[in-house]
Amino acid sequence: MTIPDEVLARYAGEYREGTVVLRDGRLHYGGGANPESPMVPMRADLFELARYRAFECGLSTTEDNQRRSWWRSTGMEAWTDDAGRSDGRYAM
């Protein structure tokens, strides 16, 4: 799947869980003790981490350019988001 750079550029920035950067036409995630990982698009707003295929990340921006994300562990079906909400089974 190919996503235009201008769309990917809106997702680049600081999130609660870490940082997303755009490099060479591809998003990369890094945060805390986790090594940086390329993000593989599953659709225009949904990615999985190439290094950790068990994690999915949904990214979006609001009209006033605020970034939002949610993360889900596909093996546990657990999730958390930027607001710190979680289903209680997953914390990042």
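The structure this text deals with has already been given above.
Before going into details, it helps to say that this report is about the structure given with it. The structure presented is a predicted model; accordingly, all values stated were derived computationally and were not measured.

Definitions and limits used
Residues numbered from 1 in each chain as written. Predicted model: local features only at pLDDT ≥ 70, side-chain atom pairs only at ≥ 80, totals over all residues. Heavy atoms only, no water. Helix = DSSP H or I, 4+ residues; strand = E, 2+ residues; numbered from the N terminus. Buried < 20%, exposed > 50% of the residue type's maximum accessible area, 1.4 Å probe, protein only. Contact = heavy atoms within 4.5 Å. Areas by Shrake-Rupley, 256 points an atom, 1.4 Å probe, with all protein chains shown as cover. Pairing = 2+ DSSP bridges. Core = buried A, V, L, I, M, F, W, Y, C linked by side-chain atoms within 4.5 Å.

Notes on the overall build of the protein chain
Step number 1: Scanning the protein chain from terminus to terminus reveals 1 helix and 8 strands.
Step number 2: The secondary structure elements of the protein chain, listed N-terminal to C-terminal, are α-β-β-β-β-β-β-β-β.
Step number 3: The buried share of the protein chain, reckoned over its 92 residues, is 36%.
Step number 4: Sequence separation of at least 24 residues holds for 23% of the intrachain contacts in the protein chain that already meet a minimum separation of 6.
Step number 5: Total accessible area on the protein chain stands at roughly 5400 Å², and carbon and sulfur atoms take up 48% of it.

Regarding the pairing of strand S6 (residues 55-61)
Step number 1: Pairing between strand S5 (residues 46-49) and S6: 3 bridges, direction antiparallel. Residue Phe47 lies in a different strand from S6, and its bridge partner there is Cys57.
Step number 2: Counting the residues between successive antiparallel strands, the hairpin from S5 to S6 contains 5 residues.
Step number 3: Sheet topology places S6 next to strand S7 (residues 67-73); 7 bridges connect them, and they run antiparallel. Residue Leu59 lies in a different strand from S7, and its bridge partner there is Ser69.

Things to note about the nonpolar core
Across soluble globular proteins, you tend to see nonpolar side chains buried next to one another.
Step number 1: In terms of nonpolar packing, the biggest core is built from 14 residues, with Tyr11, Val20, Leu27, Tyr29, Met39, Phe47 and Leu59 touching the most fellow members.
Step number 2: Listed by contribution, the elements that provide at least two residues to this core are helix H1 (5-11), strand S3 (26-31), S5 and S6.
Step number 3: A total of 3 residues in this core trace back to one element, the largest contributor, which is H1.
Step number 4: Those residues in contact with Val20 that sit more than four places away from it in its chain are Tyr11, Ala12, Gly13, Tyr15, Leu27, His28, Tyr29 and Met39.

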